[in-house]
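Understanding the architecture of this molecule
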Amino acid sequence: MDHLLSGVHQFQSQVFQRERDFFDKLVAGQTPSALFVTCSDSRVDPNLITQSGPGELFVLRNAGNIVPPHGASNGGEAATIEYAVAALGVRDVVICGHSGCGAVQTLLHPEKAATMPLVSRWLQHAETTRRIIAENYTHATGDELVEIAVQEHVLVQIENIQTHPAVAVKLQRGELTLHAWVYHLETGEVLSYSPEDGRFEPLNAADPAASAKRVMDNPMLRK
Ligand SMILES: [Zn+2]
């Protein structure tokens, strides 16, 4: 815990003071461009892997980046999604799974959660993923099976989020784009689902100039 406390002190005494103007702008309100849904896994850092900073991503995290279908859960997920889309008007939703996801592995081996009744109950929201893997990927094993499951799992959540009324309305108007990503802990690579090709492919930096500008605009990322 000590390094966290010293981190807070360092942030306040150095970073915040140095970037005062930037933080003053944030006080006026938030206009994040994207809702970023990902796993609670400590190794996945949405701002780090997208090189974005405070104010840019509205983040929803839980064990296994699960988006329960509309009406299936009384958790905060639906409210967070509704607020992001209806109130903040985000234009993009990224659902980002990751390699070696513990939640997905537990889904494949439910006995791992035998002593965690709440985890077991939460993972019931991912039953569709479990079923798809059990019935359609009987040939796969080991790491390959986990990778397939992680990818299929993200696609199921893309389906689920479309059942949320606020999302459905914006999609119909063409005001919202959904992105299915998988982050690889081993390489830093991000795969993105290509509907045209029907598979996950390395994320195409279609607009590198825009990406570079975003980094430069963000004082938090300057060394
Ligand atoms: Zn995970």
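Residues numbered from 1 in each chain as written. Predicted model: local features only at pLDDT ≥ 70, side-chain atom pairs only at ≥ 80, totals over all residues.

Some words on the overall build of the protein chain
As a reminder of what qualifies: Strands here mean DSSP runs of E at least two residues long; helices mean DSSP runs of H or I at least four residues long; both are numbered from the N terminus. Radius of gyration here is computed from C-alpha atoms only, and the compact-globule reference equals 2.2 Å multiplied by the residue count raised to the power 0.38. Partly exposed residues are those falling between the two cut-offs: more than 12 but fewer than 20 other C-beta atoms within 10 Å of their own, whereas 20 or more means buried and 12 or fewer means exposed, with C-beta atoms placed from the backbone. Once C-beta atoms have been placed from the backbone, residue pairs whose C-beta atoms lie within 7 Å are recorded as contacts.
The secondary structure content of the protein chain amounts to ten helices and six strands. Relative to the globule expectation of 17 Å for 223 residues, the C-alpha radius of gyration of the protein chain, 19 Å, shows essentially globular dimensions. Considering only C-alpha atoms, the protein chain reaches an extent of 55 × 45 × 35 Å along its principal axes. When the 223 residues of the protein chain are sorted by exposure, 28% land in the buried category. Of the contacts formed within the protein chain by residues at least 6 apart in sequence, a portion of 65% connects residues at least 24 apart.

Details of the domain arrangement of the protein chain
Cut-off, in case you're wondering: An automatic or database domain assignment supplies the start and end points of every domain.
When its domains are assigned, the protein chain resolves into domain 1 (1-30) and domain 2 (33-221). For domain 1 and domain 2, the distance between their C-alpha centroids amounts to 28 Å.

Considering the packing of helix α7 (residues 127-136) against helix α8 (residues 142-161)
Two measures define how a pair of helices packs: the angle their axes make with one another and the distance between the axes. The following threshold applies: To obtain each axis, a line is fitted to C-alpha atoms, and for helices this fit is confined to the stretch in contact; angles are then taken between N-to-C directions over 0 to 180 degrees. Angles below 35 degrees are treated as roughly parallel, those above 145 as roughly antiparallel, those between 65 and 115 as roughly perpendicular, and all remaining angles as oblique. Note: crossing handedness is left-handed where the near helix turns anticlockwise from the far helix by less than a right angle, and right-handed where it turns clockwise. Asp, Glu, Lys and Arg are counted as charged, while Ala, Val, Leu, Ile, Met, Phe, Trp, Tyr, Cys and Pro are counted as nonpolar; the rest, among them Gly, fall into the polar class.
As a packed pair, α7 and α8 sit with axes 9 Å apart at the nearest point and diverge in direction by 135°. As summarised for this structure, α7 and α8 are arranged oblique, according to the angle between their axes. Helix-helix and strand crossings are classified by hand; for α7 and α8 the assignment is right-handed. Across from Thr128, Thr129, Ile132 and Ile133 in α7, the residues of α8 making contact are Ile148, Ala149, Glu152, His153 and Val156. Classifying every residue of the contact of α7 with α8 gives five nonpolar, three polar and one charged.

Looking at α8
Condition: How far a helix is expected to stretch is found by multiplying one less than its residue total by 1.5 Å.
Taking 1.5 Å per residue as the helical rise, α8 with its 20 residues ought to reach 28 Å, and the 29 Å between its terminal C-alpha atoms agrees with that figure. Where α8 is concerned, the buried positions are Glu147, Ala149, Val150, Gln151, His153, Val154, Val156, Gln157, Asn160 and Ile161.

Considering the sheet that holds strand β3 (residues 92-98)
Formally: Should DSSP find at least two bridges between two strands, the strands are regarded as paired.
With mixed pairing, six strands are arranged side by side in an open sheet as β2-β1-β3-β4-β5-β6. At either end of the open sheet lies a strand with only one pairing partner, and these are β2 (57-62) and β6 (199-202). Strand-to-strand twist across the sheet, computed as the mean angle between neighbouring axes with direction ignored, equals 30°. When β3 meets strand β4 (residues 177-183), the two strands line up parallel, connected through seven bridges. Within β4, the position partnered with Ile95 by the bridge is Ala180. Packed onto the sheet, helix α4 (residues 76-87) meets β1 (34-39) and β2 and runs at close to 170° relative to β2. Along the sheet face, α8 touches β3, β4, β5 (190-194) and β6 and points at about 150° away from the line of β3.

Considering the pairing of β1
The element β1 is largely enclosed, with a buried count of six among its six residues. One ladder, built from six bridges, connects β1 with β2; its direction is parallel. The residue bridging Thr38 from the neighbouring strand is Arg61, located in β2. Note that β1 and β3 share five bridges and pair parallel. Paired with Ala34 across the bridge in β3 is Asp92.

Let's talk about the nonpolar core
Which entries qualify depends on this criterion: We define the nonpolar core as any set of buried residues of the types Ala, Val, Leu, Ile, Met, Phe, Trp, Tyr and Cys, connected via C-beta atoms lying within 7 Å of each other.
Counting 39 residues, the largest nonpolar core has Leu35, Phe36, Val37, Ile81, Val93, Val94 and Ile95 as its most contacted members. Among the elements of the structure, β1, β2, α4, β3, α5 (102-108), α6 (117-123), α8 and β4 are those that each provide at least two residues to this core. At five residues, β1 tops the list of elements feeding residues into this core. Apart from the residues within four sequence positions on either side, Leu35 is in contact with Phe58, Leu60, Ile81, Ala84, Val85, Val90 and Val93.

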